[in-house]
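# Summary of structural features
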Amino acid sequence: MSNKNIFSEPIGETTDVEVWLLRAGLKFSDLGNDALSISIRKQWREYQAAVQRSCAVLHLPPERVQLGGIYAFLRIPDVQAQFTQNNTI
């Protein structure tokens, strides 16, 4: 059995909202008080909770953790699904 380093590519999580938003091509200044912005802020809180839990369990800093499974969708702000949903009215 080979002993591969699962962290060979440093694609970790972040505690910086600007970095997280950049994954979807957004800036913090793009957020307003509309439904989409509120949804993105809610996802940020869910993402941060998942990252903090993972860090606590694995005893690793955020940049050494990568969310997967049911939490993988939190890694990138879900702008496209919300945008599509808002434009189908």
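Refer to the structure printed above.
Okay, so let's go over this structure. (Residues numbered from 1 in each chain as written. Predicted model: local features only at pLDDT ≥ 70, side-chain atom pairs only at ≥ 80, totals over all residues. Heavy atoms only, no water.)

Right, let's get into the packing of aromatic side chains. In this structure the tally under the stated criterion is 3 aromatic pairs. With 5.2 Å between their ring centres and 55° between their planes, Trp20 and Trp44 make a pair best called tilted. Of the two residues, Trp20 is situated in helix 1 (residues 17–22) and Trp44 in helix 2 (residues 35–58); the sequence distance between them amounts to 24 residues. By relative accessible area, Trp20 is classed as buried at 0%. Ring pairs connect the aromatic residues Trp20, Trp44 and Tyr47, which therefore count as one cluster. (Phe/Tyr/Trp six-rings, centres within 6.5 Å; stacked < 30°, edge-to-face > 60°. Helix = DSSP H or I, 4+ residues; strand = E, 2+ residues; numbered from the N terminus. Buried < 20%, exposed > 50% of the residue type's maximum accessible area, 1.4 Å probe, protein only.)

Glancing now at unusual backbone geometry. Trans peptide bonds make up the majority, and among non-glycine residues the majority have a negative phi. Despite not being glycine, His59 has its phi angle at roughly 55°, a positive value. Looking at where His59 falls in the secondary structure, it is placed in the loop between helix 2 and helix 3 (79–86). Residue classification places His59 among the exposed positions, given a relative accessible area of 70%.

Another point: the pattern of salt bridges. On inspection of all chains with the given rule, the structure shows 3 salt bridges. A salt bridge links Glu46 to Lys42; its shortest N-O distance comes to 4.0 Å. Of the two residues, Glu46 and Lys42 are both situated in helix 2; the distance of 4 residues between them amounts to about one turn of the helix. Within the structure, one salt-bridge network assembled from shared partners comprises Glu13, Arg23 and Arg75. (Salt bridge = Lys/Arg side-chain N within 4 Å of Asp/Glu carboxyl O.)

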